[in-house]
Amino acid sequence: MTSQRSPFKVLLSLAQRYAENARGLPAQQDIVATRKVVCFSLLGHNLALPLEELIEIIEMPQYTPLPRVKYWVLGMANLRGRLLPVINLAEFLGGKLNGAPKVQRVIVIDMSGVFVGLAVDRVYGMRHFKVDTFTRRADLVPETLAPYVEGSFAQQDSVWMLLRPCQLLNDQRFMEVAA
């Protein structure tokens, strides 16, 4: 007479065998929240702009110069049927664009009813910065950028200042473009 094992005993035997060979779970890692930003350079500084605060990034468009405007207004461009004022952000801040014309980009924002393009030296692309690397220390921000920068992200090899377009749009000097 052959002895048959019950299904329960077979399952119990399998469970014991798997338990003996099981590995522990990896140590739980703390998950740190990140902030999605677009990184760019201007006036020799590394800047970041919250991804949700821009519409798109375009190559420097063909634009029409406008009469009787401030010197930092490059002109008006047509962006898919919509008029886009193009601002030389470096000149507004008292400097000059340093990037080669091929790498210069325009960051398009549409905020509080203002549709505008900000010409910058170079765009590096989107990055995720850990929120715990953010600091509001003012000593890391140059004086020319201070009114428009909320703080900075300290990375291993660099510091990226967080530019806030809403602060730029709240500046009366920026909004008054007539010469």
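What you are looking at is a predicted structure, and each value in this text was computed from that prediction instead of being measured.

Caption draft 1: Geometry of the overall build of the chain. Helix and strand content of the chain: four helices and eleven strands. For a compact globule of 179 residues, the expected C-alpha radius of gyration is about 16 Å, and the chain comes in at 27 Å, more than 25% above that figure. Its C-alpha atoms put the chain at 105 × 40 × 30 Å along the principal axes. Across the chain, contacts joining residues at least 24 apart in sequence account for 57% of those joining residues at least 6 apart. Roughly 11,600 Å² of accessible area belongs to the chain as shown, and the carbon and sulfur atoms make up 52% of that amount.

Caption draft 2: Representation of the sheet that holds strand 4 (residues 73-79) within the structure. If you trace the five strands from one edge of the open sheet to the other, you get 3-6-7-5-4, paired in mixed fashion. A strand with exactly one partner marks an edge of an open sheet, and here the two such strands are strand 3 (56-59) and strand 4. Strand-to-strand twist of the sheet, defined as the mean angle between neighbouring strand axes without regard to direction, takes the value 30°. Of the pairings in the sheet, the one linking strand 3 to strand 6 (residues 105-111) comprises four bridges and is antiparallel in character. Looking across to strand 6, one finds that E59 is bridged to R105.

Caption draft 3: Just the pattern of salt bridges, in detail. Within this structure, the stated rule accounts for eight salt bridges. The residue E52 makes a salt bridge to R35 at a minimum N-O spacing of 3.4 Å. With E52 in the loop between strand 2 (45-50) and strand 3 and R35 in strand 1 (residues 34-42), this residue pair connects regions lying 17 residues apart in the sequence. On the basis of relative accessibility, which here comes to 57%, the residue E52 falls in the exposed class. Across the pair R173 and D171 runs a salt bridge whose closest N-O atoms are separated by 3.8 Å. A relative accessible area of 16% means that D171 is categorised as buried. Among the ionic contacts, a cluster of salt bridges with common partners joins E53, R136, E150 and R164.

Caption draft 4: Quick look at the side chain of S152. For S152, the location among the structural elements is in strand 10 (residues 149-154). You can call S152 buried: its relative accessible area is 0%. Among all residues touching S152, those that are not within four sequence positions of it are T133, F134, T135, L140, V159, W160, M161 and L162.

Caption draft 5: Region of interest: the sheet that holds strand 8 (residues 122-130). Pairing in this open sheet of six strands is mixed, and the strands run 8-1-2-11-10-9 from one edge to the other. Each of the sheet's edge strands pairs with one partner strand only, and the pair in question is strand 8 and strand 9 (134-135).

Caption draft 6: Structural view of the side chain of Q104. Looking at where Q104 falls in the secondary structure, it is placed in the loop between helix 2 (89-92) and strand 6. Within polar-contact distance, the side chain of Q104 engages the backbone oxygen of G99 at 2.8 Å.

Caption draft 7: Just the environment of W72, in detail. Its location among the elements puts W72 in the loop between strand 3 and strand 4. A C-alpha to C-alpha distance of 5.4 Å links W72 and F92, two positions 20 residues apart in sequence.

Caption draft 8: The arrangement of helix 1 (residues 7-21) in detail. Helix length check: helix 1 (15 residues) gives 22 Å between terminal C-alpha atoms against 21 Å at 1.5 Å per residue, within 8%. The element helix 1 is largely exposed, with a buried count of zero among its 15 residues.

Caption draft 9: Molecular detail of the packing of aromatic side chains. Within the structure shown, the criterion is met by eight aromatic pairs. Pairing F92 with F174 gives two aromatic rings, centres 5.2 Å apart and planes at 85°, and the pair type is edge-to-face. Of this pair, F92 sits in helix 2 while F174 is found in helix 4 (residues 172-175), placing the two residues 82 residues apart along the sequence. A relative accessible area of 4% means that F174 is categorised as buried. Here the aromatic rings of F129 and W160 are separated by 6.3 Å at their centres, their planes lie at 35°, and the arrangement is tilted. Here F129 is found in strand 8, whereas its partner W160 is found in strand 11 (residues 159-163), with 31 residues between them in sequence. There is no split in this pair, since F129 and W160 are both buried. Cation over ring: R82 sits above F115, and NZ or CZ is 3.8 Å from the ring centre.

Each value, and the rule that gives it
- In this convention, every chain numbers its residues from 1, walking through the sequence in written order.
- A pLDDT threshold of at least 70 governs which residues receive local features in this predicted model, and a stricter bar of 80 or more applies before side-chain atom pairs are shown or counted, although totals over entire chains, interfaces and linings include all residues.
- By convention in this description, side-chain values take in all heavy atoms of the structure and omit both hydrogens and water.
- The helix count covers DSSP runs of H or I at least four residues long, the strand count covers runs of E at least two residues long, and both are numbered beginning at the N terminus.
- We compute the radius of gyration from the C-alpha atoms alone; for a globule the expected value is 2.2 Å times N to the 0.38, where N is the number of residues.
- Residue contacts are counted whenever heavy atoms from the two residues lie within 4.5 Å of one another.
- In this description, accessible areas are obtained by the Shrake-Rupley approach with a 1.4 Å probe, and a residue is regarded as covered only by the protein chains that are shown.
- Here a strand pair is declared whenever DSSP counts at least two bridges between the two strands.
- Comment: axis = line fitted to C-alpha atoms, over the contacting stretch for helices; angle = value between 0 and 180 degrees taken between N-to-C directions.
- Salt-bridge detection follows one rule: a side-chain nitrogen of Lys or Arg within 4 Å of a carboxyl oxygen of Asp or Glu.
- Using a 1.4 Å probe on the protein chains alone, a residue whose accessible area is under 20% of its type maximum counts as buried, one over 50% counts as exposed, and one in between counts as partly exposed.
- Pairs of N or O atoms are called polar contacts if they sit within 3.5 Å, as long as, within protein, a hydrogen donor faces a hydrogen acceptor (for residues adjacent in sequence, only side-chain-to-side-chain pairs).
- By definition here, a helix of n residues has an expected span of 1.5 Å times n minus one.
- Side-chain rings of Phe, Tyr and Trp, where Trp is taken by its six-membered ring, are said to pair if the distance between their centres is within 6.5 Å; with planes under 30 degrees apart they count as stacked, over 60 as edge-to-face, and otherwise as tilted.
- The rule for a charge over a ring is simple: NZ of Lys or CZ of Arg within 6 Å of the ring centre, and within 35 degrees of the ring normal.

None of the figures reported here should be taken as evidence of function without further support.
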